[in-house]
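Now for the letters of each chain:
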Amino acid sequence: MSEKIRVLLAKPGLDGHDRGVKVVAAALRDAGMEVIYTGLRQTPEQIVTAAIQEDVDVVGVSILSGAHMTLFPAIIDLLRQRGGGDKLVFGGGIIPDEDIAALEKAGVSKLFTPGASTVDIIDWVRKAVAARKKDEKLL
Amino acid sequence: MSLYTEFLDGSVVALSRIISHIENRREGYQEVLSRLYRSGGRMYRIGVTGPPGAGKSSLVNRLAGLAAEAGHRVAVICVDPSSPFTGGALLGDRLRMQDIPLDKGVFIRSMGSRGSTGGLAAATSNVAVALDAFGFDTLFIETVGVGQMELDIIDACDTVVVTLVPESGDAIQALKAGLMEIADIFAVNKADRAGAEQMVYDLQSAMEMKAIHSEWIVPIVATQATGNVNLDELYRHIVGHKAFLENTGLLARKRTEQLKKKVEQVLVKSIQRDIDRTLLNGAALDEIALRIMRGEDDPYSAGQALFQRYKFGS
């Protein structure tokens, strides 16, 4: 059986705008992935716990509140602390160009800004996950 | 270090990875399951089933919290439908489980049904084996939203909670076979809505008309999961049912029956996979279908011939 791509989509912080993340959730679902959507106003703690328990390949974070410079690094640090540092983190939202480079340096694999197409997002997730298939011993 | 060794050391990351391998049937997963099975056996499994939108996730949200507060090590498996077209799934049960205290180590895992049609995924009971071996003593399994006949849950758990809503139908619906027969406990959720009292009454009458009597009187609890009304009562009935099964010896009998089915399932699946790999590979089957179309064979003889070939290897 082929291994299914599992994606966690989350909205951290005080940001109630979830139309975008729902569109992405539906697109990834239709691309054959298993999408876990955790809903609004999640703490980095909740997001990282969910990412680890659900063993997702990718964590997608939607932030429209302007708090991206705080929330992305918080999620990435916590993931690394908890043994989930191999999970890819990508994001979407209203993020100024000058912040994108800093966030990518902090470990965000990819950021999609307004106007990004779902086809590009699907394509990126597939390629990024395929590129980091891990070799681990079961027994 | 292998995932299994890390698992034994108590790594939640390793547990999660092993669950994925079980779901994906990664090479060697059966050997891992054998070992895990032998180190488990202490977990009590509560199934929560019912139609879509009845509030199953919201009930589990409360029940898992109550169990954790009572000192149990709690895990939750929630299954949502996978698309029969794309294989994709939107797993949204976790969204309703925001009140579960994460600091008490409750483990929640969402599963896509991945082609199964009985309300669970094929791997659900195997994932439960891993959770059991990890040390969880209480498991809630939430099914896909079901209709009247998706009843796999009865083979995967000890206590079944059937969740209905006031709109779930009248006294005749309550008398029907299938879903209505498998409840150890009924929760009539969203009980603030009109018709809840009638629903409880209809269920009570239906239970009284049962010809097969059990010593267990099926409790019917009117709940409001989001408002947290009557959840402690529902939880008490679950604890009560567990005690009933243990005290009467019915738990052991139930599990023996489940094990018989499980062994059969492992056997049948192995044979099925073997047949798929050997006899039913595309070209051979195409050829047979063409012969039947040309009038040189028929499906019954062809099937029997394949069976003989499989059984005797001729």
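Model, not experiment: these values are computed from the prediction. (Residues numbered from 1 in each chain as written. Chains lettered and ligands numbered in written order. Predicted model: local features only at pLDDT ≥ 70, side-chain atom pairs only at ≥ 80, totals over all residues.)

## Let's talk about the overall build of chain A
Inference 1: When helices and strands are tallied, chain A shows five helices and five strands.
Inference 2: Going from N to C terminus, chain A has its helices and strands arranged as β-α-β-α-β-α-β-α-β-α.
Inference 3: Dimensions of chain A, computed from C-alpha atoms along their principal axes, come out at roughly 45 × 30 × 25 Å.
Inference 4: Per-residue burial over chain A gives 44% buried out of 139 residues. (Helix = DSSP H or I, 4+ residues; strand = E, 2+ residues; numbered from the N terminus. Buried ≥ 20, exposed ≤ 12 C-beta atoms within 10 Å, placed from the backbone.)

## Overview of the sheet that holds strand S8 (residues 220–222) of chain B
Residues and elements named next belong to chain B.
Inference 1: Taken together, seven strands build an open sheet; the order of strands is S4-S2-S5-S1-S6-S7-S8 and the sheet is parallel. At either margin of the open sheet sits one strand with a lone partner, and together these are strand S4 (107–112) and S8. Each strand axis lies, on average, 20° off the axis of its neighbour in the sheet, ignoring direction.
Inference 2: With six bridges connecting them, strand S2 (residues 74–80) and S4 associate as parallel partners. Note that in S4 the partner of Asp80 across the bridge is Gly112.
Inference 3: Packed on one face of the sheet, helix H5 (residues 124–134) meets strand S1 (44–49), S2, S4 and strand S5 (138–142) and runs near 165° to S2. (Pairing = 2+ DSSP bridges. Axes fitted to C-alpha atoms, helices over the stretch in contact; angles between N-to-C directions. Contact = placed C-beta atoms within 7 Å.)

## As for H5(B)
Residue and element names in this part refer to chain B.
Inference 1: Buried residues dominate H5, accounting for 11 of its 11 residues.
Inference 2: Every buried residue of H5 is listed here: Thr124, Ser125, Asn126, Val127, Ala128, Val129, Ala130, Leu131, Asp132, Ala133 and Phe134.
Inference 3: One or two steps after H5, the chain reaches Gly135, where phi turns positive at roughly 115°.

## Brief notes about the confidence of the model for chain B
Inference 1: Looking at chain B as a whole, the pLDDT averages 94, with 100% of positions reaching at least 70.
Inference 2: What the predictor reports for the complex is a pTM of 0.94 with an ipTM of 0.95. (pLDDT = per-residue confidence, 0-100.)

## A short note on the interface of chain A and chain B
Inference 1: Each partner contributes residues to the interface: chain A has 27 residues there, and chain B has 31 residues.
Inference 2: Secondary structure elements with two or more residues in the side of chain A that touches chain B: helix H1 (19–30), strand S2 (34–37) and helix H2 (44–53) of chain A.
Inference 3: At five residues, the largest contribution of residues to the side of chain A that touches chain B is made by H2(A).
Inference 4: Taken together, the residues of the side of chain A that touches chain B break down into 11 nonpolar, eight polar and eight charged.
Inference 5: Two elements, S2(A) and strand S3 (residues 89–91) of chain B, share three bridges in a ladder whose sense is parallel. Bridge assignment links Ile36(A) to a residue of S3(B), and that residue is Leu91(B). (Nonpolar A, V, L, I, M, F, W, Y, C, P; charged D, E, K, R; others polar.)

## Regarding the domain arrangement of chain B
Residues and elements named next belong to chain B.
Inference 1: According to the domain assignment, chain B contains domain 1 (1–38), domain 2 (40–248) and domain 3 (263–312).
Inference 2: Here the C-alpha centre of domain 2 lies 26 Å away from the C-alpha centre of domain 1.
Inference 3: At the junction of the two partners, domain 1 supplies nine residues and domain 2 supplies 10 residues.
Inference 4: Of the residues forming the side of domain 1 that touches domain 2, the biggest block, five residues, is contributed by helix H2 (residues 12–24).
Inference 5: A breakdown of the residues in the side of domain 1 that touches domain 2 according to their chemical character gives eight nonpolar, no polar and one charged. (Domains from an automatic or database assignment.)

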